[in-house]
Amino acid sequence: QAQLVESGGGLVQSGGSLRLSCTASGTRSRNIVRINEMGWYRQAPGKERELVAEIIRSGTTNYAESVKGRFTISRDNAKNTVYLQMNSLKYEDTAKYYCSGEVLLSLDGSTWYGWGQGTQVTVSS
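Residues numbered from 1 in each chain as written. Predicted model: local features only at pLDDT ≥ 70, side-chain atom pairs only at ≥ 80, totals over all residues. Heavy atoms only, no water.

Asks: Which residues make up the overall build of the protein chain, and what values go with them?
Replies: Helix and strand content of the protein chain: zero helices and eleven strands. Along the protein chain, helices and strands appear, N-terminal first, in the series β-β-β-β-β-β-β-β-β-β-β. Here the C-alpha radius of gyration of the protein chain, 14 Å, is about what a compact globule of 125 residues would show, namely 14 Å. Here the protein chain holds 125 residues, and the buried ones make up 41% of them. (Helix = DSSP H or I, 4+ residues; strand = E, 2+ residues; numbered from the N terminus. Rg over C-alpha atoms; globule rule 2.2 N^0.38 Å. Buried < 20%, exposed > 50% of the residue type's maximum accessible area, 1.4 Å probe, protein only.)

Below is the structure:
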């Protein structure tokens with residue numbers, strides 16, 4: 001049992017920057033051992049949810065072409081947190097951003113996969 005909580009969204013001017021955070025935590029007295037993999041997704045009204053960036057266990061990262069060179073995904077293993085640094089934001093980046101991934105839990109060594117509740121990013125034109 002675990003949960004993912006995103007934060008850092010808000011209203012920003014075009015050309016500005018935001019840093020989103022996704023923190024994994026255990027529930028029911030369970031602890032997070034590590035994040036196996038994590039991705040950032042976004043969904044704008046009327047559009048399908050799309051993968052923005054992901055980081056796998058090895059540290060390898062992948063990005064959507066639309067954000068390549070502007071966004072950076074990173075992680076702090078000690079804090080069980082994955083970040084999405086977003087620079088040079090455009091109006092087209094406006095969407096609700098979600099993190100999703102797999103974590104390893106303590107106690108029984110099980111894995112859990114799920115989604116966060118999302119955080120809204122709005123970029124003014």
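Asks: Would you mind going over the nonpolar core in detail, with residue names and values included?
Replies: Among the nonpolar cores identified, the biggest contains 31 residues, and Met38, Trp40, Leu84, Met86, Tyr97 and Val103 are the most heavily contacted of them. Looking at this core, the elements that each hand over two or more residues are β1 (2-7), β3 (18-26), β4 (32-43), β5 (50-55), β7 (71-76), β8 (81-86), β9 (95-105) and β11 (119-124). Considering every element that reaches this core, the biggest residue donor is β9, with five residues. In this view, Val103 contacts Ala2, Ala24, Ile32, Arg34, Ile35, Asn36, Met38, Ser110, Thr111 and Trp112; residues no more than four positions away in its chain are not counted. (Core = buried A, V, L, I, M, F, W, Y, C linked by side-chain atoms within 4.5 Å. Contact = heavy atoms within 4.5 Å.)

Asks: Run through the side chain of Asn80, naming residues and quoting values.
Replies: Note on placement: Asn80 falls in the loop between β7 and β8. With residues near it in sequence (within four places) discarded, Asn80 still touches Cys22, Thr23, Ala24, Ile32, Arg34 and Ile35.

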